[in-house]
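Architecture and fold: a report
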Amino acid sequence: MIASFIMEVETTGFGNRLDWGKREGMDGTNEAQDGDFPAVERSRLQEMLSLLGLETYQLQKLSLQDSLQISSDSMKNWAPQVPKDLPWNFLRKLQALNAEARNTTMVLDVPPDARPVEKESQMEEEIIYWDTADDISADIYSFSELPTPDTPVNPLDLLCALLLSSDSFLQQEIVVKMSLCQFALPLILPDSENHYHTFLLWAMRGIVRTWWSQPPRGVGSFREDSVVLFRAPAFAFVRMEVSSNSKSQLLNAVLSPGHRQRDCFWHRDLNLGTNPREIADGLVEISWFLPSGREDLDIFPEPVAFLNLRGDIGSHWLQFKLLTEISSAVFILTDNISKKEYKLLYSMKGSATKYYFILSPYRGKRNTNLRFLNKLIPVLKMDHSHVLVKVSSTDSASFVRRIRSIVAHVARSPCRRLSLEEMANAARKLGLKVDEDCEECQRAKDRMERITRKIKDLDAYRRDELRLQGDPWRKAAQVEKELCQVQWAGDPPEKHRAELRHRLLELRMQQNGHDPAWGVQEFITGVSSPSLGEKQYFLRWMEWGLARVAQPRLRQPPETILTLRPKHCGAVDFSEALWPEPLGVEHFLREMGQFYEAESCLVEAGKLPAGQRRFAHFPGLALELLLRGLPLELIDGSTLSTPLRWVTGLLKELHIRLERRSRLVVLSALGVAGTGKSTLLNTMFGLRFATGRGCGPRGAFMQLITVAESFSQDLGCDHILVIDSGGLIGGALTAAGERFELEASLATLIMGLSNVTVVSLAETRDIPPAILHAFLRLEKTGHMPNYQFVYQNLHDVSASGPKPRERRQLLDQPSDVSRAAAQMEKQGDGIRTLADLAFCDPERQHIWHIPGLWHGVPPMAAVSLGYSEAIFELKRCLLENIRNGLSNQNKNIQQLIELVRRL
């Protein structure tokens, strides 16, 4: 039967080149068995690391903080010139979610002072791509020819070398950013030097995806989950010896709806010639198809995982063995079935996995293939439908539809469905290393589970465990606000001030009478760990653990990910929740802050001796988290107030820690929730501000970015403190109610602290009223940050920015908001415009129009190249303004502390 099936296609032609590219076995890959050529194999990884300048990061791994430093290169958009530029260029592009991060142009033999390049066409260029070369001769000489500084590096080698040189947290960041770019992700990382391979479970934990879930009966809805937790059928594509068909190109075609080509897996037909892989053979990549709920785009009705093994299964039998144990079906691409491969496949006897062969018989040994296939059919429980033949005359679209129908049929039938956690268990049984099995990670996970196991009801947990928050903190914040108001009211009655102080002292004494609850004590122990790694692991585990126990979030179509606004934008009581705030790490840190605040208040009033303080070390603990990249709360989102003693205590600790490198620039982003400001900051600087659908933390958060010492003198600062206003600002003009007055005051506080402010707007020409009032108030003081207005196009990817005349109209056109704001701030009855208000010169690029975030329809959409490039230009402008002194005078931390107190 198999013979007649192959005979049907034999008449279509002999020896023609196939649609799917040249044979995969002749691409220059290393086909050696493990243990062959040991002297060369042992040195290959070290040669690659040396070539890329990564050999110094083998003992002390490259950290996330190292990759986020601001340097002179942060302002340049130049092509790498030597191989040592490649890792940093890749990290910069990936941080910016640049869709071209995998295609790196290297301009060789250019002296360093020639950067940046203006006329690239006059210089020699080498294109580096992510797959193997076509030259057959490369396969012959790949064992003896190691890369040199004058030859290009295979980007899969670059990825593997970079991951092997990075700590767990940078690995996780790389994988998360690759996921946002819709790149195939590394699942099994090979290490030929040390002869072990790593299953990257920890690196995948940071990825959360949303997709349309349609039950057999009932109404469909969007589901959100971590990729390591949800179960899906997996389909592995592997090569046996030589194949005339490209796995990666076939996989991309299967994943691409209609004529919209997706290049999740990079393949050789996209390149212009690349060196053979040196260290990346044995790499296993994974990508998912996720349905969107649109019939014209959904290839499959449920999530489906696709796995791709780089290299030949004979040389990477351990990886292939794992794939057969975790996949619902395995597609084997080959031209020849040799006796050795036949024996390997025969050993799979009894496997529950379904096997499919994709053959190109004209390059293979037809009779040998038939003999082995006939023997394998009963062993692997196959029939003729499991053998597919693809030759040059085969219609590519029809072949892809056939592969999809097989995948859909297997997925519909009872089949193996595993989560990544379950796949990792299978990897452990086969002897593969799993990245999160280190002791520090497991101790941190155990502590997280002890805390979250006791959270049954969120409201009850907040009431019983986070006792200093809620009503006690709200009442204290209200009294402190009244104290501040009477202090600025001229000559307030001393009796009234004394009453307020007494009431505040009573509230603080009540707070100080409590001890930290058990869960808070466990959290404090976790962040007090002497092991920096364990501390970081614990924080990540807490973020994920709390997200799992939190109440279900509102599910919305992915297209609205940046457009939802809070339910209430008017004048409501400031204690009323804008939206259900999920329990997060910030609540535990708020509790620590309130213990510190209450104790500090009593010490200031002489009610508690300084020697009896128990919580004086809390700001130091929080500072460690800030320095390791955790956003800390500047303004409490539950009370819309600033815990002044806590914030100043934190800044004092920062001043002590930074010592001589304490010059700061404060950069803030303001805007209504849902306008994309947090995503903008994260893309621009690689930060970790919460993003989502208007249901995340409501407070204003800050993160610290280090400026490289080699660039700090030129830029004029040592660090940049970035403040994200979160969901503090409402979008509706209201009467001068309590809520609105608080919003305006907080916007004034954030802008008053800032050297540079980015105002994020969406689909409206009106500035949010609270921000408009902040501009008016600051204008009175003469303190005006350098500002940039960013209009983010939330839907149309291709929309271009306005012309100069249109930009002038945006600034000059008055609105009801500007008229009302001027009257409320007693600025006169004249019509105020944005140009009048902020001294805005449209020719100086104060107005930016950013294209839409997504290219395509989520969840399968990638970040648009236009968005990434526009964000880079905005970043370059902001840094240029800081360097040229166009922002307000830079501060040291002591000045910032005083400014916080005054504002």
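Residues numbered from 1 in each chain as written. Predicted model: local features only at pLDDT ≥ 70, side-chain atom pairs only at ≥ 80, totals over all residues. Heavy atoms only, no water.

Right, let's talk about the overall build of the chain for a bit. Looking only at helices and strands, one finds 32 helices and 23 strands in the chain. Counting across all 903 residues of the chain, residues that qualify as buried make up 60%. Summing over all exposed atoms, the chain offers an accessible surface of approximately 36,100 Å²; the carbon and sulfur share of this is 50%. (Helix = DSSP H or I, 4+ residues; strand = E, 2+ residues; numbered from the N terminus. Buried < 20%, exposed > 50% of the residue type's maximum accessible area, 1.4 Å probe, protein only. Areas by Shrake-Rupley, 256 points an atom, 1.4 Å probe, with all protein chains shown as cover.)

Time to look at the packing of helix 6 (residues 155-164) against helix 7 (residues 168-180). Between two packed helices, what matters for the description is the angle formed by their axes and the separation of those axes. Relative orientation of the contacting elements helix 6 and helix 7 amounts to 145°, with a least axis distance of 9 Å. Crossing geometry of helix 6 relative to helix 7 is assigned as left-handed. Contacts between helix 6 and helix 7 involve Leu159, Leu162 and Leu163 on the former and, on the latter, Gln171, Ile174 and Met178. Grouping the amino acids of the contact of helix 6 with helix 7 by side-chain chemistry returns five nonpolar, one polar and no charged. (Axes fitted to C-alpha atoms, helices over the stretch in contact; angles between N-to-C directions. Left-handed = near helix turned anticlockwise from the far one by under 90°. Contact = heavy atoms within 4.5 Å. Nonpolar A, V, L, I, M, F, W, Y, C, P; charged D, E, K, R; others polar.)

Turning next to helix 7. The end-to-end C-alpha distance of helix 7, which contains 13 residues, comes to 19 Å, matching closely the 18 Å that a straight helix rising 1.5 Å per residue would cover. Of all the 13 residues making up helix 7, 11 are buried; the element is thus mostly covered by neighbouring parts of the structure. Just beyond helix 7, the residue with positive phi is Gln182, at close to 65°. (Expected span 1.5 Å × (residues − 1).)

What follows concerns the nonpolar core. Among the nonpolar cores identified, the biggest contains 153 residues, and Phe306, Phe357 and Ile720 are the most heavily contacted of them. Leave out the neighbours within four places in its chain, and Ile720 touches Ile70, Val665, Leu667, Gln703, Leu704, Ile705, Val707, Leu715, Leu879 and Ile882. Core analysis: the next-biggest nonpolar cluster, separate from the first, contains 85 residues, Ala444, Leu704, Met784 and Val900 among them. (Core = buried A, V, L, I, M, F, W, Y, C linked by side-chain atoms within 4.5 Å.)

On to the packing of helix 15 (residues 439-452) against helix 19 (residues 518-527), then. Here helix 15 crosses helix 19 at 165°, and the two axes come no closer than 9 Å. Considering the angle they form, helix 15 stands roughly antiparallel to helix 19. The chirality of how helix 15 crosses helix 19 is left-handed. Between helix 15, through Arg447, Arg450 and Ile451, and helix 19, the contact on the second element is made entirely by Trp518, Gly519, Glu522, Phe523, Thr525 and Gly526. Here the contact of helix 15 with helix 19 is built from residues that sort into three nonpolar, three polar and three charged. (Parallel < 35°, antiparallel > 145°, perpendicular 65-115°, else oblique.)

Confidence along the chain averages 80 in pLDDT terms, with 77% of residues attaining 70 or more. Across residues 553-579 the pLDDT falls below 50, and counting only partners more than four positions away or on other chains, this stretch makes 74 contacts in the model. Across residues 828-832 the pLDDT falls below 50, and counting only partners more than four positions away or on other chains, this stretch makes 13 contacts in the model. (pLDDT = per-residue confidence, 0-100.)

A cluster of basic residues, Lys339, Lys343, Arg371 and Lys375, forms a positive patch on the protein surface. If you trace the backbone, Lys375 turns up in helix 12 (residues 366-380). (Patch = residues over 30% accessible without salt bridge, like charges linked within 9 Å, V, L, I, M, F, W, Y side chains within 5 Å. Salt bridge = Lys/Arg side-chain N within 4 Å of Asp/Glu carboxyl O. Lys, Arg positive; Asp, Glu negative; His and termini not counted. Charge placed at Lys NZ, Arg CZ, Asp CG, Glu CD.)

Attention shifts here to the UniProt feature "coiled-coil region" (unreviewed entry) in the chain. Within the UniProt annotation, "coiled-coil region" (unreviewed entry) is assigned to residues 434-461. Measuring from the first to the last C-alpha atom of residues 434-461 gives 34 Å, for a span that is 64% helix and 4% strand. (UniProt positions renumbered as here; feature names shortened; annotations may be inferred.)

Moving on to the environment of Asp225. Tracing the chain through its elements places Asp225 in strand 6 (residues 221-226). Residue classification places Asp225 among the buried residues on the basis of a relative accessible area of 8%. Aside from chain neighbours lying at most four places away, what touches Asp225 is Ile207, Val208, Arg209, Trp211, Phe230 and Arg548. Separated by 2.7 Å, the side chains of Asp225 and Arg548 make a polar contact. (Polar contact = N/O pair within 3.5 Å; in protein donor to acceptor, adjacent residues only side chain to side chain.)

Moving on: unusual backbone geometry. The omega angle of the peptide bond from Pro858 to Pro859 is 10°, so this bond is cis rather than trans. Considering the arrangement of structural elements, one finds Pro859 in the loop between strand 21 (854-855) and strand 22 (862-863). The residue Glu241 is not glycine, and still its phi comes out positive at about 55°. Here Glu241 falls in the partly exposed class, since its relative accessible area comes to 24%. Positive phi is not limited to glycine here, since Lys381 has a value of about 55°. Within the secondary structure, Lys381 is located in the loop between helix 12 and strand 12 (387-389). Accessibility expressed as a relative area gives 62% for Lys381, which makes it exposed.

Here Arg447 is to be found in helix 15. Relative accessible area serves as the criterion here: at 16%, Arg447 is assigned to the buried category. Among the polar contacts listed, one links the side chain of Arg447 to the side chain of Glu522, at a separation of 3.1 Å. Ignoring any residue separated from it by four or fewer positions in sequence, one finds Arg447 in contact with Glu522, Thr525, Gly526 and Phe538.

Here nine strands make up an open sheet; going across it, the order is 12-11-10-7-9-8-3-4-13 and the pairing mixed. Lying at the two open borders of the sheet, with one neighbouring strand each, are strand 12 and strand 13 (433-434). One ladder, built from six bridges, connects strand 8 (residues 284-289) with strand 9 (residues 304-312); its direction is antiparallel. Within strand 9, the residue paired with Trp288 across the bridge is Ala305. On the sheet, helix 10 (residues 317-326) packs against strand 3 (185-189), strand 4 (198-199), strand 7 (234-239), strand 8, strand 9, strand 10 (329-334) and strand 11 (354-359) and is oriented at approximately 160° with respect to strand 9. (Pairing = 2+ DSSP bridges.)

Attention now goes to helix 20 (residues 532-549). With 18 residues, helix 20 should cover 26 Å at 1.5 Å per step; its first-to-last C-alpha distance of 26 Å lies within 8% of that length. Burial analysis of helix 20 places 13 of its 18 residues in the buried class, which makes it a mostly covered element.

Once that is clear, we can look at the pattern of salt bridges. Per the stated rule, a full pass over the model turns up 39 salt bridges. In this structure, Lys321 engages Glu325 in a salt bridge whose closest nitrogen and oxygen atoms are separated by 3.6 Å. One end of the pair is Lys321 and the other is Glu325, both in helix 10 and four residues apart, which spans about a single turn. Note on Lys321: relative accessible area 27%, which makes it partly exposed. On the accessibility criterion, Glu325 (30% relative accessible area) is partly exposed. We note a salt bridge from Glu534 to Arg443, for which the minimum N-O separation is 3.0 Å.

A few words on the environment of Ser292. By the element assignment, Ser292 lies in the loop between strand 8 and strand 9. Taking C-alpha positions, Ser292 is 8.6 Å from Ser213, a pair spaced 79 residues apart along the chain. Here Ser292 is in contact with Trp212, Phe222, Leu297, Asp298, Val857, Pro858 and Pro859, once residues within four sequence places are set aside.

Next up on the list: the packing of aromatic side chains. What the rule picks out here adds up to 28 aromatic pairs. Aromatic pair Tyr57 and Trp88: ring centres 6.4 Å apart, planes at 70°, arrangement edge-to-face. Within this pair, whereas Tyr57 is found in the loop between helix 2 (38-51) and helix 3 (64-68), its partner Trp88 is found in helix 4 (residues 86-95), the two being separated by 31 residues in sequence. Taking the ring centre of Tyr342 as reference, the NZ or CZ of Lys375 above it sits at 5.7 Å. Lys454 extends its terminal NZ or CZ atom over the ring of Trp518, reaching a point 5.2 Å from the ring centre. (Phe/Tyr/Trp six-rings, centres within 6.5 Å; stacked < 30°, edge-to-face > 60°. Lys NZ or Arg CZ within 6 Å of the ring centre and 35° of its normal.)

Positionally, Glu591 belongs in helix 21 (residues 585-604). Notably, Glu591 is buried but unbridged: the nearest opposite-charge side chain belongs to Arg467, and the N-O separation is 6.0 Å. If near-sequence neighbours (up to four positions away) are discounted, Glu591 is found in contact with Glu465, Leu466, Arg467, Leu468, Gln469 and Val520.

A large share of strand 3 lies buried, amounting to five of its five residues. As paired elements, strand 3 and strand 4 share two bridges and run antiparallel to each other. Its bridge partner lying in strand 4, Ile188 is registered against Phe199.

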